[in-house]
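The primary structure of each chain is shown beneath.
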Amino acid sequence: MSDKKTTNCETCVNYVYDEDYDCYTCLVSLDEDDMNRFLTGTNNYCSYYRLDDEYGVVKHQM
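Structure report, in brief. (Residues numbered from 1 in each chain as written. Predicted model: local features only at pLDDT ≥ 70, side-chain atom pairs only at ≥ 80, totals over all residues. Heavy atoms only, no water.)

## Details of the overall build of the protein
On a plain count of helices and strands, the protein comes out with 2 helices and 2 strands. Each helix and strand of the protein, ordered N terminal to C terminal, gives the series β-β-α-α. Burial analysis of the protein (62 residues in total) assigns 5% to the buried set. In the protein, 54% of the contacts between residues at least 6 apart in sequence involve partners at least 24 apart. Carbon and sulfur atoms make up 50% of the accessible area of the protein, which amounts to about 5,900 Å² in all. (Helix = DSSP H or I, 4+ residues; strand = E, 2+ residues; numbered from the N terminus. Buried < 20%, exposed > 50% of the residue type's maximum accessible area, 1.4 Å probe, protein only. Contact = heavy atoms within 4.5 Å. Areas by Shrake-Rupley, 256 points an atom, 1.4 Å probe, with all protein chains shown as cover.)

## Section: the environment of Arg-50
Examined against the element boundaries, Arg-50 turns out to sit in the loop between helix H1 (32-40) and helix H2 (54-61). Distance from Arg-50 to Cys-12, taken between C-alpha atoms, is 5.3 Å for residues 38 residues apart in sequence. What Arg-50 contacts, discounting residues up to four positions off in sequence, is Thr-11, Cys-12 and Val-13.

## Considering the layout of surface pockets
Estimated volume of the largest pocket: approximately 510 Å³. Around the largest pocket, the lining is made up of 25 residues, and of these Cys-9, Leu-30, Phe-38, Tyr-45 and Cys-46 lie nearest the centre. Those elements that provide at least two residues to the lining of the largest pocket are strand S2 (23-26) and H1. A per-element tally of the lining of the largest pocket places H1 first, with 4 residues. Residue composition of the lining of the largest pocket, by class: 13 nonpolar, 9 polar and 3 charged. (1 Å grid on protein atoms, 1.4 Å probe; cavity = no way out; pocket = protein on both sides within 12 Å on 5 of 7 lines; lining within 4 Å. Points joined across faces, edges and corners; volume = space filled by probe spheres on them. Nonpolar A, V, L, I, M, F, W, Y, C, P; charged D, E, K, R; others polar.)

Following this line, the structure appears as structure tokens:
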């Protein structure tokens, strides 16, 4: 069993709204192999995933 967990793009700090395209996009530039795994659904783990935790940032600053 792998220790890698499924990630959700909607909770990632790299998933931002792009006003030019009027939709959400990922800021990470995936290479060809990573993009293929993502599009085919064979990889549910993103090595660039970082939780967008605003409360954690504020708690750390206090």
